[in-house]
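So the chains spell out like this:
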Amino acid sequence: MKRVDDFRLRFGKNEYVPIMVGGMGVDISTSELALEAARLGGIGHISDAMVEDVSDRKFDTSFVKDKTKFYKFNINNMDKSVVQFDLERLADAQRRHIGATMAAKQGPGLIFVNCMEKLTMNGPRETLRTRLNAALDAGIDGITLSAGLHFGSFALMADHPRFREAKLGIIVSSVRALQIFLRKNAKLDRLPDYIIVEGPLAGGHLGFGMDWAEYDLMTITQELLDYLKAENLEIPLIAAGGIFTGSDAVRFMEAGAAGVQVATRFTVTNECGLPAKVKQEYFKASEEDIIVNGISPTGYPMRMLKNTPAIGAGIRPGCESYGYLLDATGNCAYINSYNREVAAHPDEKNIVVMDKTCLCTHMRNFNCWTCGHYTYRLKDTTHKKASGEYQLLTAEHVFKDYQFSVDNQIALPEKEEA
C-alpha cells in the first residue's frame, strides 16, 4: 500500500515531498506554517493578501495608520475613487513580509507566495505588478497566481531578472482556463512551472459558480492530465480541494498528479494564524454548518461556516484603511449593498447587509470564517479535552500524517497532560 512519501514532486533536478500547504490569507498561512512545510521538505505558502496590514502586525510598521490618516477626509464619502495605494510603500511591505520569511527558511523545501488577482486595489494592473516584482525582489522561491485568470500576470514581471528563475504557477479549475492562459502568454516563451487544479471542495473562494456541486476534482484532474499529455507539456499538476488524508493524496498521485495542495487540516495547528477561539469553531463545526454563499464582493462563491460574524454585518466600508477590493473605478460591490441598506433604513443604527460583506475588514479581524468542505472532520483528527475544547495540533504532525499514513487512517497527536 503506497504512501505519499513513495512519491516526489520534481522541479528540474530537485525533488520535494509532494505536499504543498495552501496560501490562506489574511496571514492564516503564516510564515511559521510555511517554514515548517519547507523544513520538512515540502512547499509552504504565505499569502500577500492585505500585506500592508500583515507588515504592521509583524514589523510594527504603520502602513495602514498612515493610509487612513492620509485619506481621512474621504471616510464619509461613498465615492472611493480617490483612495489609492502608494506603490513604493506597497512594495516595501511586500519585501518585508517575504524577505523575513525567506531569511528564516531552513531545510530542503520551498516557500511560495499566493497572489490573488482579485485584489484589484483601485489599480489592478499596477498594484499587481508591484506585488509580483517585489516578491521576486525579496527572493521568494515561487509565486502561485490565484483568484483570477491572470492572463496578463506573467507579462507584468517578464522584465524582472528572476522571471525565469523563480517557480511560477497558476491555479485553474478547468482545461479551458489553462488553455486560455497558455495562449495569452505564448509570446513570452515562458510556461508555468506548475499548475494547481483546485476542485469544488476547496476552502474560501471557489473557481466555480453556485453549481459547484456538479463538478468533481478527480474528473477535472484527469481532463487536465489528458490535455497536458496531448500537448506534450510536462508541467507538474497539483491537485487541491478536499484532500483530507494521505490516502486521498495517493489516489491523485497514482492517477498522475505530481503532488497535492492541502490547507484545511493546517487551520487547527499551532502555527496557523487564526485566533484560538476560531480554531475551536472549526473543530465544533458539523457538516450542516458549512455553506457556500455569494457574499464576497469579488463575485466568486465562498465556502465558510454559517455562523461566521461577517454574514449580515453592516459595517461602514473601511476603504480608506484597506480598499483591497476596490475595482479600477474605485467601486466595490459591498459599498453598493451598504449604501442601499442605509438608504432603506435611514434611522437604523445597526445596518444589516446580507448579500455582500466588507471582506477586507472582516478578514483582517478574522471574522470571516472561510473553510474547506471537510472542516467538519477536523474533530476526528485530535482529542477533546475535559474542558470541551479540542487539542490543537502541530504543523509537523499534520504534515507527517499526510506523508506517511495509509489506509485512510489519521494519526491522532500524543494526548496532552490534563
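Above this note sits the structure.
Let me sum up the structure you'll find in this document. (Residues numbered from 1 in each chain as written. Predicted model: local features only at pLDDT ≥ 70, side-chain atom pairs only at ≥ 80, totals over all residues. Heavy atoms only, no water.)

**Section: the overall build of the protein**
And then number 1: When its secondary structure is counted, the protein shows 13 helices and 15 strands.
And then number 2: For 418 residues, the compact-globule estimate of 2.2 N^0.38 gives 22 Å, and the C-alpha radius of gyration of the protein, at 21 Å, lies within 12% of that figure.
And then number 3: Counting only residues that meet the buried cut, the protein has 59% of its 418 residues in that class.
And then number 4: Put simply, the protein shows about 17,700 Å² of open surface, and 48% of that area lies on carbon and sulfur atoms.
And then number 5: If the 48 positive side-chain charges of the protein are averaged to one point and the 53 negative ones to another, these points end up 2 Å apart. (Helix = DSSP H or I, 4+ residues; strand = E, 2+ residues; numbered from the N terminus. Rg over C-alpha atoms; globule rule 2.2 N^0.38 Å. Buried < 20%, exposed > 50% of the residue type's maximum accessible area, 1.4 Å probe, protein only. Areas by Shrake-Rupley, 256 points an atom, 1.4 Å probe, with all protein chains shown as cover. Lys, Arg positive; Asp, Glu negative; His and termini not counted. Charge placed at Lys NZ, Arg CZ, Asp CG, Glu CD.)

**Structural notes on the sheet that holds strand β9 (residues 204-205)**
And then number 1: Read from one edge to the other, the open sheet built from three strands follows the order β9-β13-β12, with strand pairing classed as antiparallel. Each edge of the open sheet carries a strand with a single partner, namely β9 and β12 (290-293).
And then number 2: Note that β12 and strand β13 (residues 302-305) share four bridges and pair antiparallel. Looking across to β13, one finds that Asn293 is bridged to Met302. (Pairing = 2+ DSSP bridges.)

**Looking at the sheet that holds strand β11 (residues 259-262)**
And then number 1: The eight strands are arranged β3-β4-β5-β6-β7-β8-β10-β11 in a closed barrel whose pairing can be described as parallel. The average undirected angle you get between the axes of adjacent strands in this sheet is 25°.
And then number 2: Sheet topology places strand β5 (residues 110-116) next to strand β6 (residues 142-146); five bridges connect them, and they run parallel. Among the inter-strand pairings, Cys115 is bridged to a residue of β6, identified as Leu145.
And then number 3: Its contacts with the sheet put helix α4 (residues 87-103) on β4 (43-47) and β5, and the angle it makes with β4 is roughly 155°. (Axes fitted to C-alpha atoms, helices over the stretch in contact; angles between N-to-C directions. Contact = heavy atoms within 4.5 Å.)

**Comments concerning the pattern of salt bridges**
And then number 1: Under the criterion given, the structure shown has 23 salt bridges.
And then number 2: Note that Arg364 and Asp53 form a salt bridge whose closest N and O atoms lie 3.2 Å from each other. Here Arg364, found in helix α12 (residues 359-364), pairs with Asp53, found in helix α2 (residues 51-59); they are 311 residues apart in sequence, far enough to count as distant.
And then number 3: For Arg364, a relative accessible area of 23% puts it in the partly exposed group.
And then number 4: Members of the salt-bridge network, linked through shared partners, are Glu36, Arg39, Glu396 and Lys400. (Salt bridge = Lys/Arg side-chain N within 4 Å of Asp/Glu carboxyl O.)

**Some words on the packing of α2 against helix α3 (residues 63-70)**
And then number 1: The N-to-C vectors of α2 and α3 enclose an angle of 125°; their axes lie 7 Å apart at closest approach. If you check the angle between α2 and α3, you find them oblique. Together, Glu52, Asp53, Ser55 and Asp56 of α2 and Phe63, Val64, Lys65 and Lys67 of α3 make up the contact between the two elements.
And then number 2: For the contact of α2 with α3, the residue count by class is two nonpolar, one polar and five charged. (Parallel < 35°, antiparallel > 145°, perpendicular 65-115°, else oblique. Nonpolar A, V, L, I, M, F, W, Y, C, P; charged D, E, K, R; others polar.)

**With respect to the nonpolar core**
And then number 1: Among the nonpolar cores identified, the biggest contains 88 residues, and Ile140, Ile143, Met157, Ile243, Phe266 and Tyr282 are the most heavily contacted of them.
And then number 2: The element best represented in this core is helix α8 (residues 217-230), accounting for six residues.
And then number 3: In contact with Tyr282, other than residues within four places in its own chain, are Thr267, Val268, Leu274, Leu305, Trp369, Thr370, Cys371, Thr375 and Leu378.
And then number 4: Core analysis: the second largest hydrophobic core is formed by 35 residues, Val83, Leu90, Met116 and Ile351 among them. (Core = buried A, V, L, I, M, F, W, Y, C linked by side-chain atoms within 4.5 Å.)

**Comments concerning α3**
And then number 1: Those residues of α3 that fall on the buried side of the exposure criterion are Phe63, Val64 and Lys67. With its buried residues spanning 95° around the axis, α3 presents them on a single face. Among the exposed residues of α3, those oriented more than 90 degrees off its buried face are Lys65 and Lys69.
And then number 2: Structurally, α3 contributes buried residues whose contacts are with α2 and α4. (Arc of directions from axis to C-beta.)

**Side note on the pairing of β11**
And then number 1: Side-chain alternation along β11 places Gly259 and Gln261 on one buried face and Val260 and Val262 on a second face that is also buried.
And then number 2: In the sheet, strand β3 (residues 19-21) pairs with β11 via three bridges, with the strands oriented parallel. Within β11, the position partnered with Met20 by the bridge is Gln261.
And then number 3: For strand β10 (residues 237-240) and β11, the ladder comprises three bridges, and the chain directions are parallel. When the bridges of β11 are listed, Ala240 appears paired with Gln261.
And then number 4: The β-α-β motif built from β10, the intervening helix α9 (residues 246-254) and the parallel element β11 has right-handed crossover chirality. (Right-handed = clockwise from strand over helix to strand, strands pointing away.)

Interpretation note: all reported values are geometric properties and have no functional meaning in isolation.
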